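# Results of the structural survey
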Amino acid sequence: MSGFLGVTAPAVNKWENNNNLPDIALIAPIARLLGISTDTLLSFKDELTKDEINVFIKKLNQDLENGGYDAAFRSAQKRIFEFPNCEKLAWETSAILDSGRFMHDVADSDSYDSRLSIGTQWH
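Residues numbered from 1 in each chain as written. Predicted model: local features only at pLDDT ≥ 70, side-chain atom pairs only at ≥ 80, totals over all residues. Heavy atoms only, no water.

### Comments concerning a nonpolar patch on the surface
A cluster of nonpolar side chains, namely Phe4, Leu33, Leu34 and Ile36, defines an oily patch on the protein surface of about 390 Å² accessible area. Tracing the backbone shows Phe4 in helix α1 (residues 2-5). (Patch = residues over 30% accessible without salt bridge, like charges linked within 9 Å, V, L, I, M, F, W, Y side chains within 5 Å. Areas by Shrake-Rupley, 256 points an atom, 1.4 Å probe, with all protein chains shown as cover. Salt bridge = Lys/Arg side-chain N within 4 Å of Asp/Glu carboxyl O. Helix = DSSP H or I, 4+ residues; strand = E, 2+ residues; numbered from the N terminus.)

Okay, structure coming up:
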């Protein structure tokens, strides 16, 4: 990627590790290089409504019951990445999955602790 953008590999590494941000003039070229829109690159999405969050939480509970914890976690992770600035979604999703770990006897449930913390980007 760095060669196409005219920047150094260490610069890209800093972006990837959230230690630095690319120059704003590189946003469009990065999006083109990745084959995505600038809105997608910048995670720009409108806020979810309360009703949209409730529908997702209902589906998340069904996923926990039917598909297991890992499938529900992956679904939640995808939704959080789509709407990274929606704190209500992150909080409610974390609460459901945190309690779900214990209700569904998830093996190695402690491994999810850091990923379920609000503000951790759900890695």
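Now, onward.
### Focus on the pattern of salt bridges
For the structure shown, the criterion picks out 4 salt bridges. Across the pair Lys59 and Asp63 runs a salt bridge, and its minimum N-O distance is 3.0 Å. Here Lys59 and its partner Asp63 are both found in helix α5 (residues 50-66), 4 residues apart, which amounts to about one turn of the helix. For Asp63, a relative accessible area of 18% puts it in the buried group. Its salt-bridge partner being Lys88, residue Glu92 comes within 2.5 Å of it at the nearest N-O pair. With Glu92 and Lys88 both in helix α7 (residues 87-103) and 4 residues apart, this pair spans about one turn of that helix. In this structure Glu92 comes out as buried when scored by relative accessible area, which is 15%. (Buried < 20%, exposed > 50% of the residue type's maximum accessible area, 1.4 Å probe, protein only.)

### Things to note about the environment of Gln77
Position of Gln77 relative to the elements: it lies in helix α6 (residues 69-82). When its relative accessible area of 17% is taken as the criterion, Gln77 is described as buried. Sequence separation between Gln77 and Thr93 is 16 residues; the distance between their C-alpha atoms is 9.1 Å.

### Some thoughts on unusual backbone geometry
Unusually for a residue other than glycine, Asn18 sits at a positive phi of about 55 degrees. Along the chain, Asn18 falls in the loop between α2 (9-16) and α3 (27-34).

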